Amino acid sequence: MPLDSKAAVEATRALPGIPRDADGPVFREPWEAQAFAMALALHARGLFTWSEWAAALASEIKRAQTAGDPDSGETYYRHWLAALEKLVSAKGLASSEIQHRYRDAWDHAADRTPHGSPITLRSEDFAPSFPDSNPEL
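These notes cover the structure that comes with them. (Residues numbered from 1 in each chain as written. Predicted model: local features only at pLDDT ≥ 70, side-chain atom pairs only at ≥ 80, totals over all residues. Heavy atoms only, no water.)

## Side note on the nonpolar core
Among soluble globular proteins, nonpolar side chains are generally buried collectively.
Then comes step 1: One finds Phe48, Trp53, Leu57, Tyr76, Trp80 and Leu84 to be the most contacted residues of the largest nonpolar core, which totals 21 residues.
Then comes step 2: Within the residue set of this core, elements represented by two or more residues are helix 2 (30-44), helix 3 (50-66) and helix 4 (76-90).
Then comes step 3: The dominant element in this core, judged by the number of residues it contributes, is helix 4, at 7 residues. (Core = buried A, V, L, I, M, F, W, Y, C linked by side-chain atoms within 4.5 Å. Buried < 20%, exposed > 50% of the residue type's maximum accessible area, 1.4 Å probe, protein only. Helix = DSSP H or I, 4+ residues; strand = E, 2+ residues; numbered from the N terminus.)

## Comments concerning the pattern of salt bridges
Then comes step 1: Within the structure shown, the criterion is met by 7 salt bridges.
Then comes step 2: A salt bridge links Arg28 to Glu32, with the shortest nitrogen-to-oxygen separation between them at 3.8 Å.
Then comes step 3: Among the residues examined, Arg28 registers a relative accessible area of 53% and is labelled exposed.
Then comes step 4: In this structure Glu32 comes out as buried when scored by relative accessible area, which is 3%.
Then comes step 5: Residue Glu52 pairs with Lys91 through a salt bridge whose shortest N-O separation is 2.7 Å. With Glu52 in helix 3 and Lys91 in the loop between helix 4 and helix 5 (96-112), this residue pair connects regions lying 39 residues apart in the sequence.
Then comes step 6: Glu52 gets classed as partly exposed once you look at its relative accessible area, which sits at 31%.
Then comes step 7: Because the salt bridges share partners, they merge into one network encompassing Glu60, Arg63 and Lys86. (Salt bridge = Lys/Arg side-chain N within 4 Å of Asp/Glu carboxyl O.)

## A short note on a nonpolar patch on the surface
Then comes step 1: Judged by side-chain polarity, Ile98, Tyr102, Trp106 and Ile119 come together as a nonpolar surface patch covering roughly 370 Å² of accessible area.
Then comes step 2: Tracing the sequence through the fold places Ile119 in the segment after helix 5.
Then comes step 3: On the basis of relative accessibility, which here comes to 39%, the residue Ile119 falls in the partly exposed class. (Patch = residues over 30% accessible without salt bridge, like charges linked within 9 Å, V, L, I, M, F, W, Y side chains within 5 Å. Areas by Shrake-Rupley, 256 points an atom, 1.4 Å probe, with all protein chains shown as cover.)

This is how it looks when you write it as structure tokens:
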């Protein structure tokens, strides 16, 4: 998902805690940029204001710190993603259960996909798996 540079600049102004350098936001891994871009896209569609976002992110960071997160900056986008998931659920876009179902499906799809090949979802990725179950017991 390409980043809209104008929206990224707006976000870094509205949310000063974003890891950045002179050119704008910086990301250590591709999923961080994707989580950032998803938040920008949902904001652009009016799902939340930057004030709502800042409050949700601050709440998530505080929760993590209370649970022992050392707040070294390495977990910033984990908090970002957790806040995004909670807002998406609170706003009725997708429940936590639906989000977990898709996360599990993507994990199944990634497990069966050869390295370097595109990951695609199939209906069987949504089926529950019980590798250690034995129906005869």
